[in-house]
Amino acid sequence: MAGIAYCASPVSQYAEPLFSPVAESAGMPYTFTTLASPVGELKLVAKDSRLAAILWENDKPNRVRLGPMHEAPDNPILVRAAQQLEEYFAGTRHRFELELDFAGTEFQKKVWQALLTIPFGQTRSYSQIAEQIGHPSAVRAVGAANGKNPISIVAPCHRVIGASGKLTGFAGGLAAKERLLTLEGCEWSGASRMDDLF
């Protein structure tokens, strides 16, 4: 399917490796634009002709590492991404059709690809994602990778909740996560707790 780069390489470890997406993109500057949304200002970032990141207004600086970038609101992929996000927030789009460029470890990419399979209006637990990618004991590593997801909303990490249906940590804040899930008609229960990953 267009817009999805599958990662078939085996994963030998779950810990964060000594890997820098900045080095990977040396000499290939990123472009960005901003978009006002119901969950705050979003920063849309492209690498060449693919969407590389959607960052939150109060995102931690080191959560997603990107190379040098300059503003380019007319970049076609950024224009398409902004339009599709506006349609999503208006309730008229349930699926994104964008070419993506995930920069991360092989394990992280497997988790992020799994996020893309969660349908609009549905949720999954961290343990279900771990099972899906073939690493059932790597629940905490799945949680860490979910937190590093660079392309928020489009790769719907907000649809991953605790095993008992409780909301858990989210880069955009739990209020944003709740708003996105409400928009999609999802149901959940209770407050967040790290032990609820399992």
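A word on the pairing of strand E1 (residues 30-35). Of all six residues in E1, five are buried; the element is thus mostly enclosed. Pairing geometry for E1 and strand E2 (residues 42-47), over six bridges, is antiparallel. Bridging from a neighbouring strand, Thr 34 pairs with Lys 43 of E2. Relative to strand E4 (residues 69-71), E1 runs parallel, the two being bridged by three bridges. Bridging from a neighbouring strand, Thr 31 pairs with His 70 of E4.

Summary statistics for the protein give a mean pLDDT of 82 and a share of 80% for residues scoring 70 or more. Confidence, read as mean pLDDT per element, is least for helix H1 (residues 21-24) in the protein (40) and greatest for helix H2 (residues 76-89) (97). Note that residues 1-26 has pLDDT below 50 and, in this model, 39 contacts with residues that lie over four places away or in other chains. Predicted confidence is poor over residues 191-198, with pLDDT under 50, and the contacts of this stretch with residues over four places away or in other chains come to 23 contacts.

Turning our attention to the pairing of E2. Within E2, five of the six residues are buried, which leaves it mostly tucked inside the rest of the structure. Linkage of E1 to E2, two consecutive antiparallel strands, is achieved through a turn of six residues, within which Gly 40 is found at a positive phi near 100°. For E2 and strand E3 (residues 50-55), the ladder comprises five bridges, and the chain directions are antiparallel. From the neighbouring strand, Lys 47 faces E3, where its bridge partner is Arg 50. Connecting the antiparallel pair E2 and E3 is a turn made up of two residues, with Asp 48 showing a positive phi of about 55°.

Rules and cut-offs
Residues numbered from 1 in each chain as written. Predicted model: local features only at pLDDT ≥ 70, side-chain atom pairs only at ≥ 80, totals over all residues. Heavy atoms only, no water. Buried < 20%, exposed > 50% of the residue type's maximum accessible area, 1.4 Å probe, protein only. Helix = DSSP H or I, 4+ residues; strand = E, 2+ residues; numbered from the N terminus. Pairing = 2+ DSSP bridges. pLDDT = per-residue confidence, 0-100. Contact = heavy atoms within 4.5 Å.

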